[in-house]
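Geometric and topological summary
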Amino acid sequence: MTTTTYPQFDGNTEALEVAKAFADSVRGKNILVTGVNRGGIGFTTAEAFASQSPANVIIAGRNLSKLNESIDALRAKYPDVTYRRLILDLSSQKAVRAAASELLSWTEVPTLDIIVNSAGIMCTPERTLTEDGIEIQFATNHIGHFLFTSLIMSKLIKSSEINPSKGATRVVNVSSASPTWTKMRWSDTNFDKKNKDIPEDERPVYQVQKMWGQTGDLDEKSYLPLEGYNQSKTANLLFTIALTNKLYKQHGILSIAIHPGIITSELGRSFDADTRGAVQGFLDSGRAFKSAEVGAATSLVAALDPKLGPGEERNGKENYGAFMTDCQISDGALPSSVSSAEAERLWKLSEELVNEQFAW
């Protein structure tokens, strides 16, 4: 039965405390974290891992100067760890393939024990298609991580072959609360159609959209910045389930998705004025935002806790254990967000969008 080792860990626990509790699961390991800059949970995630003497901490991101700044800060605090930087622009499949090729060429890092896919963008104000013709939030937050993780899978499989504990080799996908209210927009992933013209069960939850600053007749709108984010974050959970379904039984590789909580970070840098106003309203109302140190804690539990395992059916829903929040397993996701059939559907769509099929 999948469970957690420390039920006392909660929404106030910091990542460093988790890392110390599972120090043996970090020591000597090769760990990769995407989306690392000083202003977000990618950095505090990498910092917590670095505190417990891993062999290599690889930090990936788009901006070289931010990566260098992060490595300088990490090395100043934990100088005995080997740090490596990897330029990774998740919005471009060409760039993702180049980054994966570079990492695969590192013979001195033959295995990867843990990947935390933490990079993300949120609420791009205007509908934007990437050079690959994909809505940019879906492209960056899901497709980029899908392609990158799949391309470097050989290093994860090598880790699992020498790791004595099944499930110790892991892929953690940083999602959000979106899977608790969002269904995939299967008929219109690029937001070409008005909301009123797609199936009712694919439409945004308008109440949530209005809480985040949307106004007007939402039926008549197509692209809603928050819904682009919601779809990509629901995809993170479905991708997680598909990875475990495809890799755990044969290779012992486990994937878990997490909601880090609402955090003050650079993630909201693209918010328009209405969304910024709504977020300020949350703050003014006394809603608690997490620090980056607390926000990273659930990623550490998902990456390290040996009692976690593949998803189980519970309370009429599939894949209990695939989704975590506040350092514990959550059953709050919609049934469609934890459906193995929906996960497989997303996998096939993702393969089509990257024009490559993956099997291990």
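Quick look at the structure, then. (Residues numbered from 1 in each chain as written. Predicted model: local features only at pLDDT ≥ 70, side-chain atom pairs only at ≥ 80, totals over all residues. Heavy atoms only, no water.)

Section: the overall build of the protein
In plain terms, the rule: Each helix is a run of DSSP H or I of at least 4 residues and each strand a run of E of at least 2, with the numbering of both proceeding from the N terminus. The cut-offs for exposure are 20% and 50% of the maximum accessible area for each residue type, with area from a 1.4 Å probe on protein chains only; residues under the lower value are buried, those over the upper are exposed, and the others partly exposed. By definition in these notes, contact holds between two residues if any of their heavy atoms fall within 4.5 Å. Here the Shrake-Rupley method, with its probe set to 1.4 Å, supplies the accessible areas, and only the displayed protein chains count as covering residues. Here Asp and Glu are counted as negative and Lys and Arg as positive; His is not counted, and neither are the chain ends. A charged residue contributes its charge at one atom only: NZ of Lys, CZ of Arg, CG of Asp or CD of Glu.
Each helix and strand counted, the protein has 12 helices and 10 strands in total. The C-alpha extent of the protein, read off along each of the three principal axes, is 55 × 45 × 40 Å. The proportion of buried residues among the 360 residues of the protein is 59%. Taking the contacts inside the protein whose residues are at least 6 apart along the sequence as the reference set, 77% of them involve residues at least 24 apart. Per element, the accessible surface of the protein, about 14400 Å² overall, is 47% carbon and sulfur. Here the protein holds 37 positive side-chain charges and 43 negative ones, and the gap between their average locations is 3 Å.

What about the packing of helix 8 (residues 225–251) against helix 12 (residues 340–354)?
Our working definition: Note on geometry: axes are C-alpha line fits, over the in-contact stretch for helices, and angles between N-to-C directions span 0 to 180 degrees. In what follows, roughly perpendicular refers to angles from 65 to 115 degrees, roughly parallel to angles under 35, roughly antiparallel to angles over 145, and oblique to any angle outside these ranges. Amino acid classes used here: Ala, Val, Leu, Ile, Met, Phe, Trp, Tyr, Cys and Pro are nonpolar; Asp, Glu, Lys and Arg are charged; the rest, including Gly, are polar.
Viewed as axis vectors pointing N to C, helix 8 and helix 12 meet at an angle of 95°, and their least axial separation amounts to 8 Å. The angle between helix 8 and helix 12 falls in the class roughly perpendicular. Seen from helix 8, the contacting residues are A235, L238, F239, I241, A242, L243, N245 and K246; seen from helix 12, they are S340, E342, A343, E344, L346 and W347. Split into classes, the residues belonging to the contact of helix 8 with helix 12 amount to nine nonpolar, two polar and three charged.

Here's the deal with the pattern of salt bridges
Spelled out, the test is: Salt bridges, as used here, are contacts in which a Lys or Arg side-chain nitrogen is within 4 Å of a carboxyl oxygen on Asp or Glu.
Summed over the entire model, instances satisfying the criterion amount to 12 salt bridges. D326 serves as the salt-bridge partner of K290, at 2.6 Å between the closest nitrogen and oxygen. You can see K290 sitting in the loop between helix 9 (273–284) and helix 10 (292–295) and its partner D326 sitting in the loop between strand 9 (323–325) and strand 10 (328–329), a full 36 residues away along the chain. Take K290: its relative accessible area is 14%, and that puts it in the buried class. Look at D326 and you get partly exposed, because its relative accessible area is 32%. Here R314 makes a salt bridge to E312, at a shortest N to O gap of 3.3 Å. Taking relative accessible area as the criterion, R314 reaches 27% and is therefore assigned partly exposed. Among the charged side chains, a network of salt bridges with common partners joins K194, K196 and E220.

Remarks on the environment of L247
Position of L247 relative to the elements: it lies in helix 8. In this structure, the C-alpha to C-alpha distance between L247 and V33, residues 214 residues apart in sequence, is 20 Å. Apart from residues no more than four positions distant in its own chain, L247 is found in contact with M153, G252, I253 and W360.

Let's talk about the nonpolar core
To keep things clear, this is the line we draw: Remark: nonpolar core denotes a set of buried residues (Ala, Val, Leu, Ile, Met, Phe, Trp, Tyr, Cys) joined through side-chain atoms within 4.5 Å.
Judged by nonpolar contacts, the single largest core of 50 residues is most densely connected at L86, L103, L112, F138, F148, L237 and L346. Sorting the residues of this core by element identifies strand 2 (56–61), helix 4 (93–104), helix 5 (136–151), helix 6 (153–162), helix 8, strand 6 (253–259) and helix 12 as the ones contributing at least two each. The element that contributes the greatest number of residues to this core is helix 8, accounting for eight residues. Apart from the residues lying within four places of it in its own chain, the contact partners of L103 are L32, L86, L112, F148, I152 and K155. The next biggest cluster of nonpolar side chains, apart from the first, holds 45 residues, and it includes F9, V36, I59 and V174.

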